[in-house]
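# Structural overview for review
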Amino acid sequence: MTNEREKDKEKELAHNETGETEEAEVQVGEEGVDEKQLEDEQPSLPSDADPFLLHMLRCEDLLERLGPLLELDAGSNQRVRDAFTTINEGDYGAALKALDEARKEEEPNPLIPLLSAIALLRQGDAWQAASQCDAALALNALDLNAWLCKATVEAAEHRFVDACERLSKAIELAPNDVGVLVSQGACFIRLGRFDEAIRVLYRAQKIDHSNIRAWINKGIAYAYTHRLKDALNCFSEALLLDPDNTDARTAKEEMLRRLTH
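Reading the values: the criteria
- Residues numbered from 1 in each chain as written.
- Predicted model: local features only at pLDDT ≥ 70, side-chain atom pairs only at ≥ 80, totals over all residues.
- Heavy atoms only, no water.
- Axes fitted to C-alpha atoms, helices over the stretch in contact; angles between N-to-C directions.
- Helix = DSSP H or I, 4+ residues; strand = E, 2+ residues; numbered from the N terminus.
- Parallel < 35°, antiparallel > 145°, perpendicular 65-115°, else oblique.
- Left-handed = near helix turned anticlockwise from the far one by under 90°.
- Contact = heavy atoms within 4.5 Å.
- pLDDT = per-residue confidence, 0-100.
- Expected span 1.5 Å × (residues − 1).
- Buried < 20%, exposed > 50% of the residue type's maximum accessible area, 1.4 Å probe, protein only.
- Nonpolar A, V, L, I, M, F, W, Y, C, P; charged D, E, K, R; others polar.
- Polar contact = N/O pair within 3.5 Å; in protein donor to acceptor, adjacent residues only side chain to side chain.

## Looking at the packing of helix α9 (residues 144-156) against helix α10 (residues 160-173)
The contact between α9 and α10 brings their axes to 8 Å, and the two run at 165°. The angle between the axes of α9 and α10 places the two elements in the roughly antiparallel class. Seen along the crossing, α9 lies across α10 with a hand that is left-handed. Of the residues in α10, those in contact with Leu144, Trp147, Leu148, Lys150, Ala151, Glu154 and Ala155 of α9 are Phe160, Asp162, Ala163, Arg166, Leu167, Lys169, Ala170 and Leu173.

Given below as structure tokens:
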């Protein structure tokens, strides 16, 4: 029974890959878009001004990963817990002060440099944030979150080649981590490596078919290669999974706008 379910899921995903949903066909057909002509054009390289880029590698993702680690470590320094809270509240100066105090009070704790890196990056100090990521890696070179932290900082500096290398290392450490795979797909998009992005995002979806960001980012990659029906299908699927998702709605609206121009 389990194997049958898996086969059904793979068939569904493969069907979605074609992008030939009734809604997408209607939208494209009504506007008379010549997709063959668009596919022959060279894809444009993404820029920060493009509405499709949305949120790629985010500090919020790191915070979501670090929160459960704090919960598991019942004996962790209260100042570290306070710093986590104040970062979420947007008081980065107070967070850094608490982390500096925590650093003096206990044995090296990998959460301290990682939270420091997030606070510093939020303040716009990417150089110092990178040094904190390096400090976390010095404590443990196999720390998945430290590699993700490094990639996020480098992406913020538009060093997407370096960020992709860090994410490749993270994938080596956690090949089935959907969040890492989605981040790698996002980074490939920023480099204009759209087919690679689609492949890695498809891999993420085989692990978790309901991952919203995988659907959105795959749609973005399709949009850049002028596969309009596939892109629209991805954004529509994301909205079926989460009708209130503003990123998916923004992407779909942008896709429809491009279809009419």
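## A look at the confidence of the model for the chain
Mean pLDDT over the chain: 82, with 79% of residues reaching 70 or higher. No element of the chain has a lower mean pLDDT than helix α2 (residues 22-31), which averages 37, and none a higher one than helix α12 (residues 194-207), which averages 96. In this model residues 9-33 is a low-confidence stretch, pLDDT under 50, and it forms 42 contacts with partners more than four residues away in sequence or in other chains. Considering only residues more than four positions removed or in separate chains, one finds that residues 35-40, a stretch of pLDDT under 50, has 11 contacts.

## Topic: helix α4 (residues 59-72)
In this model α4 runs 21 Å from its N-terminal to its C-terminal C-alpha over 14 residues, within 8% of the 20 Å that 1.5 Å per residue would give. Within the sequence span of α4, burial applies to Cys59, Asp61, Leu62, Leu63, Leu66, Gly67 and Leu70. Close packing links the buried residues of α4 with α5 (78-89), α7 (111-122), α9 and α13 (212-224).

## Description of the environment of Cys59
Structurally, the position occupied by Cys59 is in helix α4. Spatially, the C-alpha atom of Cys59 lies 7.2 Å from that of Thr152, the residues being 93 residues apart in sequence. In contact with Cys59, not counting residues within four places along its chain, are Ile118, Leu121, Arg122 and Thr152.

## Things to note about the packing of helix α14 (residues 228-241) against helix α15 (residues 246-259)
Contact pair α14 / α15: the axes reach a minimum separation of 9 Å and the direction vectors enclose 150°. It follows from the interaxial angle that α14 and α15 lie roughly antiparallel. The handedness of the crossing between α14 and α15 is left-handed. On α15, the residues touching Leu228, Ala231, Leu232, Phe235, Ser236, Ala238 and Leu239 of α14 are Ala248, Arg249, Ala251, Lys252, Met255, Leu256 and Leu259. Split by residue class, the contact of α14 with α15 holds 11 nonpolar, one polar and two charged.

## Quick look at α9
In this model α9 runs 19 Å from its N-terminal to its C-terminal C-alpha over 13 residues, within 8% of the 18 Å that 1.5 Å per residue would give. Turning to α9, its buried residues are Leu144, Asn145, Ala146, Trp147, Leu148, Cys149, Lys150, Ala151, Thr152, Val153, Glu154 and Ala155. Put simply, Asp143 is the residue that caps the front of α9, since its side-chain oxygen is 3.0 Å from the backbone nitrogen of Asn145. A positive backbone phi angle near 65° is found at His158, which sits one or two residues after α9.

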